[in-house]
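# Report on the structure
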Amino acid sequence: MKRELIPLNMLPLGSAAKVRSLTNDDSRTRRRMLDLGLIKNTHIEAIQKSPSGDPTAYWIRGAVIALRSDEASKILVEAVSGE
Amino acid sequence: MADHFVVALAGNPNVGKSTIFNSLTGLNQHTGNWPGKTVTNARGKYRHKDKSFILVDIPGTYSLMASSVEETVARDFICFGEPDVTVVVADATCLERNLNLVLQTLEITGNVVVCVNLIDEAERKKIKIDLKILQARLGVPVVGASARSGRGLNQLREAVYRAALPGVVSRPLAVDYEGTIEEAVQMVEPEVRRTVQNKINSRWAALKLIEGDHSIIKSLRDIMGFDLINDATLANRLAAARKFLQENNYDSDAMRDSLVFTIVSLAEEIAREAVISENQKFNSRDRKIDSILTSRRYGLPAMITLLGLVFWLTVTGANYPSEVIAGFLFWIEERLTEFFQWAGSPPWLHGLLVEGMYRTLAWVVSVMLPPMAIFFPLFTILEDLGYLPRVAFNMDNFFKKAHAHGKQALTMCMGFGCNAAGIIGCRIIDSPRERLIATITNNFVPCNGRFPALIAISTIFVGGTVPGIPNSVVSTCALMSVIILGVFMTLLISRILSATILKGLPSSFILELPPYRKPQIGRILVRSVLDRTLFVLGRAASIAAPAGMAIWVMANITIGGASLLDYGAGFLQPFALLLGLDGYILMAFILGFPANEIVIPIIIMSYVSTGSLVELDSLEALRQLLISHGWTWLTAVCVMLFSLMHFPCGTTLWTIKKETQSWKWTLISFLVPTLTGITVCFIVAQTVRMLGLG
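Criteria and cut-off values
- Residues numbered from 1 in each chain as written.
- Chains lettered and ligands numbered in written order.
- Predicted model: local features only at pLDDT ≥ 70, side-chain atom pairs only at ≥ 80, totals over all residues.
- Heavy atoms only, no water.
- Helix = DSSP H or I, 4+ residues; strand = E, 2+ residues; numbered from the N terminus.
- Buried < 20%, exposed > 50% of the residue type's maximum accessible area, 1.4 Å probe, protein only.
- Contact = heavy atoms within 4.5 Å.
- Areas by Shrake-Rupley, 256 points an atom, 1.4 Å probe, with all protein chains shown as cover.
- Lys, Arg positive; Asp, Glu negative; His and termini not counted.
- Charge placed at Lys NZ, Arg CZ, Asp CG, Glu CD.
- Rg over C-alpha atoms; globule rule 2.2 N^0.38 Å.
- Core = buried A, V, L, I, M, F, W, Y, C linked by side-chain atoms within 4.5 Å.
- Salt bridge = Lys/Arg side-chain N within 4 Å of Asp/Glu carboxyl O.
- Pairing = 2+ DSSP bridges.
- Buried area = accessible area lost by both parts, 1.4 Å probe.
- Nonpolar A, V, L, I, M, F, W, Y, C, P; charged D, E, K, R; others polar.
- Phe/Tyr/Trp six-rings, centres within 6.5 Å; stacked < 30°, edge-to-face > 60°.
- Lys NZ or Arg CZ within 6 Å of the ring centre and 35° of its normal.
- Polar contact = N/O pair within 3.5 Å; in protein donor to acceptor, adjacent residues only side chain to side chain.
- pLDDT = per-residue confidence, 0-100.
- Axes fitted to C-alpha atoms, helices over the stretch in contact; angles between N-to-C directions.

### Re the overall build of chain B
In terms of helices and strands, chain B carries 28 helices and 11 strands. Overall, chain B is about 90 × 55 × 50 Å in size when its C-alpha atoms are taken along their principal axes. Relative to its 694 residues, chain B shows a buried fraction of 58%. Looking at chain B alone, contacts between residues at least 24 apart form 76% of all its contacts between residues at least 6 apart. For chain B, the accessible area works out to roughly 28200 Å², and carbon and sulfur atoms hold 63% of it. Here chain B contributes 61 positively and 56 negatively charged side chains, and the mean placements of these two sets differ by 2 Å.

Spelled out as structure tokens, the structure:
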């Protein structure tokens, strides 16, 4: 069964996913995402939304990183079931 | 051999670099628990055994790919600053991510010592690091440390000492990229080596050239004098290598992805071997705290409550000591007066020195010292805890809607301490447009020079207006309203600037929420009292003393029955009245340009010298003095508003000029808050008067 790819900002709070691809057209932003270690297969979890709904804090490689939905929407992930 | 060694101190943001720097050199780099504290290279010296070391604290970065100012500064120093040793500080609690920078540094230089800091915090989180395995894998010395308690610092000194001695050859881990990329590097490297020889790592330089990193070409030319662009042979090789990559489906994005993939995967692999974590789940305590402090329901109320609590403690706590200090200082004034009478000194000398200089100083000290001595430690505790990035997280959406950068919330917080520091802090914002917005609007948060005045006025004026509610609660609310208004104006003006002279959309931003850390209370007390309180007080006093004399002279030189002060105030009076102020108040703001701290003392001086002399040893006496000069609650409100929104002080403007390198933006930074303040005060004063409330 082929899993569905969703943009990271659609990942529900509390669930985990694996990064599939970065779709930023702006190479500077893309670099910043890579600097965070967001390469293919990186494990990522949505853990907390800001009071106004944006940005969202994610658990990425041992750190809590907040991303605005604009940036998160450019990261395609595959939700990991279970856990 | 040189008589000293140069040591670069690199690391990710917020890994305790500044603490290590301070512990080694004894210099007081200001530390705080949020990323991006070091925006320039701070330097300090220390000795170990028979050698001197110059330690250079370079900006904290996640990578050396030069995608921001800090990264370029950091990379250029490691690469071209010719440090004898580069210490990379890594965070033991998330080693894997920190290894990214370690590996990138190892690509540039082998003279590296890795310092795994925060070992104690990691232990508390049940994370163990096998330093031996790490050292074996990286091929350079690895030292474990806990800089806050001083643990491991001697080993670090020793490791740096040994690494700096000549003849030590390390075998740093070499990163192997994918075959195609390696082939391309081999096509270019010999040519690069011919030019740069062994001054810098040719393999790394070749890789960067193939990547098309323009900043490295520029840095090579500007710093090292290597002109690689006009080298025909090299250009040919480069073109060939790029063509080769193209043929193998590596465009620049794909190549970068591949490079990063290799490094990150390697970091992952090394971390898997060296880190033993019993607790696989991420820090549940921090998550619990965050689920309240940044939640939809409680996030903003918690923020306002915390801020309110800080102010309430400051207002209540400062009241009594203020009166004690004032009582004491004015008791001394009487003794001074007796002394001058006994010595038979002329009245003008007594006036100049005692009524002018001493009294102004006494006011500055008694009004400013207690609130600062309470506010600064409290604020530093919040900073140390790691709460400020949460403020940025909570407020980011507002800044996004204002088309401004999310980190502006951080520079705004820095402005609470000192606007000039806030302006320098704006360097953490990469986009020039958003940096200018943050710079121009920074003055809308009151700095410590303005806080005491706001606290004093809200305590003596607004505090007593609501019967049945304690004064301290009412004045805290008044103060809070001023701060919230300041934040609101920051957002509003940012939005207006984004739509007019600084058009544009918000750029991307990434904010790290660091783990909460237990504040070091003792250290905070020492730091905030010595560094901040006494420093600010010293600055205020050094300006207040001559200003006090000048004001006394202006108040006592009379031409045709009126003093110079009266003339000045009289000239400003019609305009000041429109704003709900009076001529003396407006003049005090203008004369307070060198430092906002002296505005209130100038107002008091002017009133005292023009009216009957009052014993000003209590806030009640001050209240009487102000009321006898026509102050109403409207005057108090307008003074608070104008204090919040007027031109930045001299130091801040000078800093803006230095940072922006432009008179135009300095002038705009002067005009924007001033015009805003004039407009707001005018509207408030006129509306209240029209409604017949004032």
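### Some remarks on the overall build of chain A
For chain A, the helix and strand inventory stands at two helices and six strands. Computed over its C-alpha atoms, the radius of gyration of chain A comes to 12 Å, within 12% of the 12 Å expected for a compact globule of 83 residues. With the principal axes as the frame, chain A shows a C-alpha extent of 35 × 30 × 20 Å. Each of the 83 residues in chain A was classed as buried or not, and the buried ones make up 55%. Taking contacts inside chain A between residues at least 6 apart in sequence as the whole, the part at least 24 apart equals 61%. Both charge centroids of chain A, one from 13 positive and one from 10 negative side chains, sit 5 Å from each other.

### Looking at the nonpolar core
All names here are of chain B. Ranked by internal contacts, the top residues of the largest apolar core, which has 125 residues, are Leu 581, Ile 603 and Trp 631. At 13 residues, the largest contribution of residues to this core is made by helix α14 (residues 347-385). If sequence neighbours within four positions are ignored, Ile 603 has contacts with Ile 585, Ala 588, Leu 626 and Trp 631. Within the second largest apolar cluster, 68 residues are counted, among which are Ile 58, Val 114, Ala 267 and Ile 270.

### So, the pattern of salt bridges
Scanning the model with the defined rule gives 37 salt bridges over all chains in all. Measuring nitrogen to oxygen at the nearest pair gives 2.7 Å for the salt bridge that ties Lys 400 of chain B to Asp 54 of chain A. On the criterion of chain membership, the pair formed by Lys 400 of chain B in helix α15 (residues 388-401) and Asp 54 of chain A in the loop between β3 (43-49) and β4 (56-60) is interchain, its members lying in two chains. For the pair shown, Lys 400 of chain B and Asp 54 of chain A are each scored as buried. Of the charged contacts in the structure, one is a salt bridge between Asp 286 of chain B and Arg 285 of chain B, with a shortest N-O distance of 3.1 Å. Residue classification places Asp 286 of chain B among the buried positions, given a relative accessible area of 2%.

### What to know about the pairing of strand β2 (residues 42-48) of chain B
All names here are of chain B. Judged by which residues are buried, β2 turns out to be one-sided: Ala 42, Gly 44, Tyr 46 and His 48 face inward and are buried, whereas Arg 43, Lys 45 and Arg 47, on the alternate face, are not. For β2 and strand β3 (residues 51-57), the ladder comprises seven bridges, and the chain directions are antiparallel. By the bridge assignment for β3, Arg 47 is matched with Ser 52.

### Section: the interface of chain A and chain B
With 37 residues of chain A at the contact, the number on the chain B side is 48 residues. Of the roughly 3600 Å² buried at the junction of chain A and chain B (both faces included), carbon and sulfur atoms supply 53%. Where chain A meets chain B, there are seven salt bridges. Elements with a minimum of two residues in the side of chain A that touches chain B: α1 (27-35), β3, β4, β5 (63-67) and α2 (69-72) of chain A. Ranked by the residues each element gives to the side of chain A that touches chain B, the list is headed by α1 of chain A, at nine residues. Residue classes in the side of chain A that touches chain B are distributed as 14 nonpolar, 10 polar and 13 charged. Pairing geometry for β5 of chain A and strand β9 (residues 510-512) of chain B, over three bridges, is antiparallel. Along β9 of chain B, the bridge assignment pairs Leu 67 of chain A with Ile 510 of chain B.

### Focus on the packing of aromatic side chains
Residues and elements named next belong to chain B. Counting across every chain of the model gives 17 aromatic pairs over all chains. With a centroid separation of 5.7 Å and 5° between ring planes, the pair formed by Phe 311 and Phe 375 is classed as stacked. In this pair, Phe 311 is assigned in helix α13 (residues 299-342) and Phe 375 in helix α14, connecting sequence segments 64 residues apart. The two residues Phe 311 and Phe 375 agree in class, both being buried. Joined through ring pairs, the aromatic side chains of Phe 311, Phe 375, Phe 376, Phe 379, Phe 416 and Phe 451 make up one cluster. Taking the ring centre of Tyr 516 as reference, the NZ or CZ of Arg 390 above it sits at 4.0 Å. A cation sits over an aromatic face here: Lys 657 above Trp 663, 4.9 Å from the ring centre.

### Quick look at the environment of His 403 of chain B
All names here are of chain B. Looking at the element boundaries, His 403 is found in the loop between α15 and α16 (408-417). Judged by relative accessible area, His 403 falls into the buried class, the value being 18%. Leave out the neighbours within four places in its chain, and His 403 touches Arg 433, Glu 434, Ile 437, Arg 495, Ser 498, Gly 504, Leu 505 and Pro 506. Here Gly 504 takes part through its backbone oxygen, which lies 3.3 Å from a polar atom of the side chain of His 403.

### Remarks on the confidence of the model for chain B
Averaged over every residue, the pLDDT of chain B is 86; the share at 70 or more is 95%. Quick note on the complex model: pTM equals 0.82, ipTM equals 0.93.

### Concerning the sheet that holds strand β1 (residues 5-7) of chain A
Strand order in the open sheet formed by seven strands is β1(A)-β6(A)-β2(A)-β3(A)-β4(A)-β5(A)-β9(B), and the pairing between neighbours is antiparallel. Looking along the sheet, the strands with just one partner apiece sit at the ends: β1 of chain A together with β9 of chain B. Taken over all neighbouring pairs, the strand axes of this sheet differ in orientation by 40° on average, direction set aside. In the sheet, strand β2 (residues 16-22) of chain A pairs with β3 of chain A via three bridges, with the strands oriented antiparallel. Looking across to β3 of chain A, one finds that Lys 18 of chain A is bridged to His 43 of chain A. In the packing of α1 of chain A onto the sheet, contacts are made with β2, β5 and β6 (75-80) of chain A together with β9 of chain B, and the angle to β2 of chain A comes to roughly 140°.

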